[in-house]
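So you can see what is in the structure, the chains are spelled out below.
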Amino acid sequence: MKPDRDIARLIEIMAALRTPGTGCPWDLEQDFASIAPYTVEEAYEVADAIARGDLVDLKDELGDLLLQVVFHARMAEEAGAFAFPDVVEAITSKLIRRHPHVFGDARDLSPAEVKALWGQIKAQERADKAAAHLAAGLPAPSTEEGVLAGVPTALPALTRAWKLQARASTVGFDWKDARLVLDKIREETSEIEEALEGGDKAAIAEEIGDLLFVVANLARHVDADPEACLAAASAKFERRFAGIEARLADEGRKAAEASLDELEALWQRVKQAERAERD
């Protein structure tokens, strides 16, 4: 077996890995549930390579993500459900169906007309999906969906909070001003203080969750991605803490050997140095 640029070679390799008796024991014992976390992890690694602007890593990470698709498709083929070509057909069909203004006769549409057409297409897709479920002997998805239905539970928590709030805002359930969200944040911090005084860990955790939920809403109101905001804050913390360690290393010491007051003083020095560089 040799590497190849053709997707067919990847499918062949996956089939070989999953062949009982001659395949890989680890690959053979996997199922959809055990592989799903790897699929999510690979998607994050793709995003990380993009964030770092590393196109060499991006090539490899996209390959790892593609492997996940092929892995799932192979297991589905073994179960007699579908195969990789069916996955390709499904997504190409969806793209063509959802863009009649590009691939069909509905050309020269205004943005409003495209939006209206999108609604019609989605309604037809829901009907088609219900029919496909029934044909497969599965219960049809509910067509009586609420405003918040369909937001995946596996999304990162801040992203899911953002999407739930955005959905609710479509029916007017929303603050009209970001400063009103700030008032809610102050309210939530007060409730955390009360929970801390009570010492109930479950209550404290619940109030922290409420605070994070409202902070995600504030990010949405200023058109900021809360995941990106937190990622940037984490990167800043890493950078500044590394600056503390570098300064201590110059003295032949490690962070664990410094007092909290020393660490705080060094933190302020690192912050001031960053500001001076920016200015």
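Bear in mind that the values here come from a model prediction, so they are computed numbers and not experimental data. (Residues numbered from 1 in each chain as written. Predicted model: local features only at pLDDT ≥ 70, side-chain atom pairs only at ≥ 80, totals over all residues. Heavy atoms only, no water.)

1. What about helix H10 (residues 201–221)?
Move 1: Helix length check: H10, at 21 residues, gives a terminal C-alpha distance of 30 Å against a target of 30 Å (1.5 Å per residue), a fit within 8%.
Move 2: Restricting attention to buried positions, one finds in H10 the residues Ile204, Glu207, Leu211, Val214, Ala216, Asn217, Ala219 and Arg220.
Move 3: In this structure, the buried residues of H10 make contact with helix H8 (157–169), helix H9 (178–198) and helix H11 (226–250).
Move 4: Following H10 by one or two positions, aspartate 223 has its phi on the positive side, about 60°. (Helix = DSSP H or I, 4+ residues; strand = E, 2+ residues; numbered from the N terminus. Expected span 1.5 Å × (residues − 1). Buried < 20%, exposed > 50% of the residue type's maximum accessible area, 1.4 Å probe, protein only. Contact = heavy atoms within 4.5 Å.)

2. Some remarks on the confidence of the model for the chain
Move 1: Looking at the chain, the pLDDT average stands at 92 and 99% of residues meet or exceed 70.
Move 2: For the chain, per-element mean pLDDT is lowest for helix H7 (residues 111–135), which scores 84, and highest for helix H4 (residues 55–78), which scores 98. (pLDDT = per-residue confidence, 0-100.)

3. Some remarks on the layout of surface pockets
Move 1: A volume near 260 Å³ is recorded for the second largest pocket.
Move 2: Lining the second largest pocket are 13 residues, with Gln165, Phe173, Trp175, Phe213 and Asn217 positioned closest to its centre.
Move 3: Those elements that place two or more of their residues in the lining of the second largest pocket are H8 and H10.
Move 4: Residues of the lining of the second largest pocket, tallied by class, amount to 7 nonpolar, 2 polar and 4 charged. (1 Å grid on protein atoms, 1.4 Å probe; cavity = no way out; pocket = protein on both sides within 12 Å on 5 of 7 lines; lining within 4 Å. Points joined across faces, edges and corners; volume = space filled by probe spheres on them. Nonpolar A, V, L, I, M, F, W, Y, C, P; charged D, E, K, R; others polar.)

4. Side note on unusual backbone geometry
Leaving glycine out, the prevailing phi sign among residues is negative, and the prevailing peptide bond configuration is trans.
Move 1: The phi torsion at aspartate 223 lies on the positive side, around 60°, for a residue other than glycine.
Move 2: Considering the arrangement of structural elements, one finds aspartate 223 in the loop between H10 and H11.
Move 3: Aspartate 223 sits in the exposed class, given a relative accessible area of 71%.

5. Quick notes on the environment of tryptophan 175
Move 1: Counting through the fold element by element, tryptophan 175 comes out in the loop between H8 and H9.
Move 2: Put simply, tryptophan 175 and asparagine 217 are 42 residues apart on the chain and 9.3 Å apart in space, counted from C-alpha to C-alpha.
Move 3: Setting aside its immediate chain neighbours within four residues, tryptophan 175 contacts Leu180, Val181, Lys184, Asn217 and His221.

6. Remarks on the pattern of salt bridges
Move 1: Tallying each qualifying case throughout the model produces 18 salt bridges.
Move 2: Arginine 52 is the salt-bridge partner of aspartate 48, the closest N and O atoms lying 2.8 Å from each other.
Move 3: Overall, aspartate 48 belongs to the partly exposed group, its relative accessible area being 39%.
Move 4: A relative accessible area of 42% places arginine 52 in the partly exposed class.
Move 5: Residue glutamate 187 pairs with lysine 184 through a salt bridge whose shortest N-O separation is 3.0 Å. You can see glutamate 187 and its partner lysine 184 sitting in helix H9, 3 residues apart, about one turn around the helix.
Move 6: Look at glutamate 187 and you get partly exposed, because its relative accessible area is 37%. (Salt bridge = Lys/Arg side-chain N within 4 Å of Asp/Glu carboxyl O.)

7. Points about the packing of H8 against H10
Move 1: Two numbers describe how H8 lies on H10: the axes approach to 9 Å, and their chain directions differ by 65°. Crossing angle aside, the handedness with which H8 passes H10 is right-handed. Here H8 contributes Leu158, Ala161, Trp162, Gln165, Ala166 and Ser169 to the contact with H10, which in turn contributes Leu212, Phe213, Ala216, Asn217, Ala219 and Arg220. (Axes fitted to C-alpha atoms, helices over the stretch in contact; angles between N-to-C directions. Left-handed = near helix turned anticlockwise from the far one by under 90°.)

8. Some points on a nonpolar patch on the surface
Move 1: Residues Val147, Leu148, Val171 and Phe173 make up a contiguous nonpolar surface patch of about 420 Å² in total accessible area.
Move 2: Within the fold, valine 147 resides in the loop between H7 and H8. (Patch = residues over 30% accessible without salt bridge, like charges linked within 9 Å, V, L, I, M, F, W, Y side chains within 5 Å. Areas by Shrake-Rupley, 256 points an atom, 1.4 Å probe, with all protein chains shown as cover.)

9. A closer look at the packing of aromatic side chains
Move 1: Taken as a whole, this structure holds 3 aromatic pairs when the rule is applied.
Move 2: Considering the side-chain rings of phenylalanine 237 and phenylalanine 241, the 6.0 Å spacing of their centres and the 20° angle between planes classify their relative orientation as stacked. A residue pair is termed a helical-turn pair when its members lie 3 or 4 positions apart in one helix, as phenylalanine 237 and phenylalanine 241 do in helix H11 at 4 residues.
Move 3: A ring pair is formed by phenylalanine 237 and tryptophan 267, whose centres lie 5.5 Å apart and whose planes are at 45°; its orientation type is tilted. Taken as a pair, phenylalanine 237 in helix H11 and tryptophan 267 in helix H12 (residues 260–278) lie far apart in primary sequence, 30 residues in all.
Move 4: An aromatic cluster is present here, built from Phe237, Phe241 and Trp267 joined pairwise through their rings. (Phe/Tyr/Trp six-rings, centres within 6.5 Å; stacked < 30°, edge-to-face > 60°.)

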